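Secondary and tertiary structure notes
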Amino acid sequence: MIDMLSSKQRAYLMSMASNITPIFQIGKSSLTPEIVAAVDAALEKRELIKISVLKNCFDDPKEIAQMIAERTHAQVVQVIGKKIVLFRVSKKKPVIELPKK
């Protein structure tokens, strides 16, 4: 398991995430195994991803973020409104260089 992100690292990732568009949308079926698998694959490829929780999803975005993070061994960078930002270092090709703690 990776270390928790420091506030400096979290701020760095948030600034990077502000420029990316959500690549997943979670709707009324909420978290399905397919979404978790797709998020897992996307994290391996991109490391930093943004997910949008649609209005027809009745689950709390913070709870959804926590569940996805646990299932994919990722870090929740932030949850603002209905947007979730997740980060996980790629096992094969790490790209994002985090600032030191």
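Attention in this report is confined to the structure presented alongside it.

What counts and what doesn't
Residues numbered from 1 in each chain as written. Predicted model: local features only at pLDDT ≥ 70, side-chain atom pairs only at ≥ 80, totals over all residues. Heavy atoms only, no water. Helix = DSSP H or I, 4+ residues; strand = E, 2+ residues; numbered from the N terminus. Expected span 1.5 Å × (residues − 1). Pairing = 2+ DSSP bridges. Axes fitted to C-alpha atoms, helices over the stretch in contact; angles between N-to-C directions. Contact = heavy atoms within 4.5 Å. Salt bridge = Lys/Arg side-chain N within 4 Å of Asp/Glu carboxyl O. Buried < 20%, exposed > 50% of the residue type's maximum accessible area, 1.4 Å probe, protein only.

Observations concerning helix H2 (residues 33-46)
For H2, built from 14 residues, the straight-helix expectation of 20 Å at 1.5 Å per residue is met to within 8% by its first-to-last C-alpha distance of 20 Å. Looking one or two residues beyond H2, the residue adopting positive phi is Glu-47, at roughly 75°.

Let's talk about the sheet that holds strand S3 (residues 75-80)
Read across the sheet, four strands follow the order S1-S2-S4-S3 without closing on themselves; strand pairing throughout is mixed. Either end of the sheet is taken by a strand with one partner, and the two such strands are strand S1 (24-26) and S3. Across this sheet, the average inter-strand angle for adjacent strands is 25°, counted without regard to direction. For S1 and strand S2 (residues 48-53), the ladder comprises three bridges, and the chain directions are parallel. For Phe-24, the partnering residue across the bridge sits in S2 and is Ile-51. On the sheet, helix H1 (residues 7-17) packs against S2, S3 and strand S4 (83-87) and is oriented at approximately 60° with respect to S3. Across the sheet, H2 is in contact with S1, S2 and S4; its angle to S2 comes to roughly 150°.

Things to note about the environment of Leu-54
Structurally, Leu-54 can be placed in the loop between S2 and helix H3 (61-72). Separated by 28 residues in sequence, Leu-54 and Lys-82 have C-alpha atoms that sit 7.1 Å apart. Look past the residues within four positions of Leu-54 in its chain and what remains in contact with it is Gln-25, Ile-26, Gly-27 and Lys-82.

Quick notes on unusual backbone geometry
Leave glycine aside and you will find that most residues have negative phi; peptide bonds, for their part, are mostly trans. Phi at Ser-30 takes a positive value of approximately 55°, unusual for a residue other than glycine. Positioned with a positive phi, His-73 is a non-glycine residue whose angle comes to about 55°. Of note, His-73 is situated in the loop between H3 and S3.

Some details on the pattern of salt bridges
Across all of its chains, the model carries two salt bridges by this definition. Residue Asp-40 is joined to Arg-88 by a salt bridge in which the shortest nitrogen-to-oxygen separation is 2.5 Å. Highlighted residues: Asp-40 in helix H2 and Arg-88 in the segment after S4, separated in sequence by 48 residues. The exposure class assigned to Asp-40 is partly exposed, which follows from its relative accessible area of 30%. For Glu-44, the salt bridge identified is with Arg-88, shortest N-O distance 3.8 Å. In this pair, Glu-44 is assigned in helix H2 and Arg-88 in the segment after S4, connecting sequence segments 44 residues apart. Each member of the pair, Glu-44 as well as Arg-88, carries the same accessibility label: buried.

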